[in-house]
Amino acid sequence: MKKETVDVLVIGAGPAGTVAASIINKAGYKVKIVEKMKFPRFVIGESLLPRCMEALEEAGFLDAVKEKGFQEKFGAKFVKNGKVCDYFFADQFTKGWSWTWQVPRGEFDKTLADTVEKMGVPVSYETTVTGIVFNGSDSVTTVEDIDGNKTEIAARFIVDGSGYGRVIPRLFNLDKPSNLAPRKALFTHTVDLKRSMDDEPNRITIIVHQKGIWIWVIPFSNGNTSLGFVGDPEFFKDLEGTPEEQLRALIATEPYLSERMENVEMIFEPRVLESWSATTEKFYGEGFVLTGNVTEFLDPVFSSGVTLATVSSQLAAHLVIRKLKGEDFDWHTSYTEPMMQGVNTFRSYVMAWYEGTLDTIFFADKQNLEIKDMICSVLAGYVWDLENPYVKNHATALTKLARMIEIEKTLSV
Ligand SMILES: Cc1cc2nc3c(=O)[nH]c(=O)nc-3n(C[C@H](O)[C@H](O)[C@H](O)COP(=O)(O)OP(=O)(O)OC[C@H]3O[C@@H](n4cnc5c(N)ncnc54)[C@H](O)[C@@H]3O)c2cc1C
């Protein structure tokens, strides 16, 4: 069997893996990425948040991504029964990036992986991790390529950025169920010739279709638009026919989309994803750290996935560097706690979304603009800014605000 030695082995060449690999490589360590698929590969998660730009910038990826001419994104638009609530990141309370991109992920992830390779990090594609043996913080990982050739990779540390693959949680039984209800999505990419009817392409549109069921509309710069229905699996269960017939039937029932998307060309047979929320017993252990989706993935509604993936990897990379230098620190307070601050803020917003609390706030007749800017910061991914009362008090602030809006509505009748 072939043998290799590196300082840090990174599992997965998605945004989590490539951001971590780049930052650790820049600090002078020998890093290698192993990736199960051949790139470009399809993965869902196309609408980014401004906060991820900070991580992409530190990883040295921004120039390469800019060159690709992806659709710039300046905000998020929510629509319900013809009412519109627009958030523009430039208005946000927290000082930070006011824009980001909407990207077909196959192309975006390949750009990051090609860039990290140019920086000197080898990426072995079509190579799957099949086993890991730890000896203290040192480890030996067995990987297998598409031809069945096995290699043993000795590493001083492992970053697991394997996304939905959840390599370390699965190998070491660390997976834990999420506290969020299971949900399902049916989605495709469309050739969106009538785009200008409803949307400017420069932001995501999220349509409340009915209680608990929503639609994402994510325009790309190539004229195509990603479209997906999301919600309780029960909602989808009576749909008949092929996935394409099912999606067309749903589109026909949504007034905001029916004319624009009638007979639209679907670039691929609509796909289904379900029960994606997952978490794990721990985010780190002796000799490894989990980053990105492997830690905890909540829900797609606020496009938090890539931001949590890149920000967790940015933080983890700095901690791995400190560890390799022989520093002693507490991983729980340095990594798990700050990551959970962000995850739990998004969790409160996801729960408020499905409970309808955010509908009350987003579609209120009178908007308090100061509060709107604070909520805008969360929608931009700035979920670590404890100066923002709508981050600091995420668990209660939305319910209180919705209650006030309801009381004012009752008094004004
Ligand atoms: C319906 C839906 C819609 C979403 N929409 C959005 C959105 O609009 N915006 C957003 O930010 N997020 C969204 N997400 C979330 C997004 O998909 C993820 O959060 C994001 O891709 C996580 O990035 P990552 O780098 O952690 O993992 P990934 O992007 O999944 O990358 C992990 C990589 O690891 C590789 N891998 C897996 N197993 C192995 C193995 N054994 N050996 C080697 N390599 C392996 C995989 O092939 C993959 O390339 C959505 C999710 C869902 C379910």
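Computed from a prediction, not measured in an experiment: that's the story for all the values here.

Chemist: When you look at the overall build of the protein in this model, what are you seeing that I'm missing?
Modeler: Within the protein, the regular secondary structure consists of 14 helices and 20 strands. The C-alpha radius of gyration computed for the protein amounts to 22 Å, which stays within 12% of the reference 22 Å derived for 413 residues, consistent with globular compactness. Seen along its three principal axes, the alpha-carbon backbone of the protein occupies a region of about 70 × 45 × 40 Å. For the protein, with 413 residues in total, the buried portion stands at 58%.

Chemist: Please clarify how the side chain of asparagine 293 should be interpreted in this entry.
Modeler: By the secondary structure assignment, asparagine 293 is in the loop between strand E20 (288-290) and helix H9 (305-324). In this structure asparagine 293 comes out as buried when scored by relative accessible area, which is 13%. A distance of 3.5 Å separates the side chain of asparagine 293 from the side chain of tyrosine 164, its partner in a polar contact. Residue contacts for asparagine 293: discarding those within four places in its chain leaves Gly163, Tyr164 and Arg166.

Chemist: How should I be thinking about the packing of helix H10 (residues 331-355) against helix H14 (residues 394-412) in this particular structure?
Modeler: Geometry of a packed helix pair, given as the angle between the helix axes and the separation of the axes. Interaxial distance between H10 and H14 falls to 8 Å at its minimum, and their mutual angle equals 30°. As far as their axial angle goes, H14 and H10 are roughly parallel. In this structure, H10 meets H14 at a crossing whose hand is right-handed. Counting all contacts with H10, which are made through Asn344, Thr345, Ser348, Tyr349 and Ala352, the residues of H14 involved are His394, Ala395 and Leu398. Of the residues belonging to the contact of H10 with H14, the class tally is 4 nonpolar, 4 polar and no charged.

Chemist: Help me understand the site of the ligand in this model?
Modeler: Neighbouring the ligand are 36 residues; Glu35, Ile44, Ser47, Asn293 and Val306 lie closest to it. With respect to the ligand, the backbone of proline 15 contributes an N or O atom lying 3.3 Å from an oxygen atom. Here tyrosine 164 contributes a side-chain N or O atom positioned 2.8 Å from an oxygen atom of the ligand. Residue assignment for the shell around the ligand shows that the elements contributing at least two residues are helix H1 (15-26), strand E8 (127-135) and H9.

Definitions and cut-offs
Residues numbered from 1 in each chain as written. Predicted model: local features only at pLDDT ≥ 70, side-chain atom pairs only at ≥ 80, totals over all residues. Heavy atoms only, no water. Helix = DSSP H or I, 4+ residues; strand = E, 2+ residues; numbered from the N terminus. Rg over C-alpha atoms; globule rule 2.2 N^0.38 Å. Buried < 20%, exposed > 50% of the residue type's maximum accessible area, 1.4 Å probe, protein only. Polar contact = N/O pair within 3.5 Å; in protein donor to acceptor, adjacent residues only side chain to side chain. Contact = heavy atoms within 4.5 Å. Axes fitted to C-alpha atoms, helices over the stretch in contact; angles between N-to-C directions. Parallel < 35°, antiparallel > 145°, perpendicular 65-115°, else oblique. Left-handed = near helix turned anticlockwise from the far one by under 90°. Nonpolar A, V, L, I, M, F, W, Y, C, P; charged D, E, K, R; others polar. Near = heavy atom within 4 Å.

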